[in-house]
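Secondary and tertiary structure notes
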Amino acid sequence: MKIGVLGTGATGQTIGSKLVSLGHAVMLGSRDEANPNAVAWAQKEGHNALYGTFMNAAEFGEIIFNCTLGTASLDALQMAGEKNLKGKILIDTANPFDRSTDNWTLTVCNT
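Points about the side chain of Thr8
Looking at where Thr8 falls in the secondary structure, it is placed in the loop between strand S1 (2-6) and helix H1 (10-21). At 3.5 Å, the side chain of Thr8 forms a polar contact with the side chain of Asn35. If we skip the residues at most four places from it in the chain, Thr8 touches Gln13, Leu28, Gly29, Ser30, Asn35, Asn37 and Ala38.

Encoded structure:
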């Protein structure tokens, strides 16, 4: 199956890698056709791992995963193009919170 993934971050790459390992052709899409994250991912994954713009990925995929940051999702979906999304399954993993700069501390309490 041909699957489009909108977003080149950890979520998009993780989902894309698993789908490639299952034998699917996957295209990661971003604002820029040659996004460095997408290029590196495709080189690492090899066969069936492609990259392009949001529009390219939406046109390519029979199923689309939206793995963009929630605050950027509407822009990404508009760039993907209504005609490229029409009639397709859209799985939305977007989260409106940007946790990339959070400093998390795990505290374990044994009682």
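Examining the sheet that holds S1
The five strands lie next to each other as S3-S2-S1-S4-S5, forming an open sheet whose pairing is parallel. The open sheet has two free edges, formed respectively by strand S3 (49-53) and strand S5 (89-92), since each of these has just one partner strand. Strand-to-strand twist in this sheet, taken as the mean axis angle between neighbours without regard to direction, amounts to 25°. Across the sheet, helix H2 (residues 36-45) is in contact with strand S2 (25-30) and S3; its angle to S3 comes to roughly 165°.

Digging into helix H4 (residues 73-80)
For H4, the complete set of buried residues consists of Ser73, Ala76, Leu77 and Ala80. Viewed end-on, H4 has its buried residues packed into an arc of 95°, placing them on one side of the element. Relative to its buried face, H4 has exposed residues pointing more than 90 degrees away, namely Leu74 and Gln78. Each element contacted by the buried residues of H4 is listed here: S1, helix H3 (54-60), strand S4 (63-66), helix H5 (82-85) and S5. Gly81 occupies a position one or two residues after H4 and carries a positive phi of about 95°.

Focus: the environment of Asn56
Relative to the assigned elements, Asn56 resides in helix H3. By relative accessible area, Asn56 is classed as partly exposed at 24%. Separated by 24 residues in the primary sequence, Asn56 and Ala80 place their C-alpha atoms 7.3 Å from one another. Contact partners of Asn56, with chain neighbours within four places excluded, come to Met27 and Glu33.

Cut-off values and rules
- Residues numbered from 1 in each chain as written.
- Predicted model: local features only at pLDDT ≥ 70, side-chain atom pairs only at ≥ 80, totals over all residues.
- Heavy atoms only, no water.
- Helix = DSSP H or I, 4+ residues; strand = E, 2+ residues; numbered from the N terminus.
- Polar contact = N/O pair within 3.5 Å; in protein donor to acceptor, adjacent residues only side chain to side chain.
- Contact = heavy atoms within 4.5 Å.
- Pairing = 2+ DSSP bridges.
- Axes fitted to C-alpha atoms, helices over the stretch in contact; angles between N-to-C directions.
- Buried < 20%, exposed > 50% of the residue type's maximum accessible area, 1.4 Å probe, protein only.
- Arc of directions from axis to C-beta.

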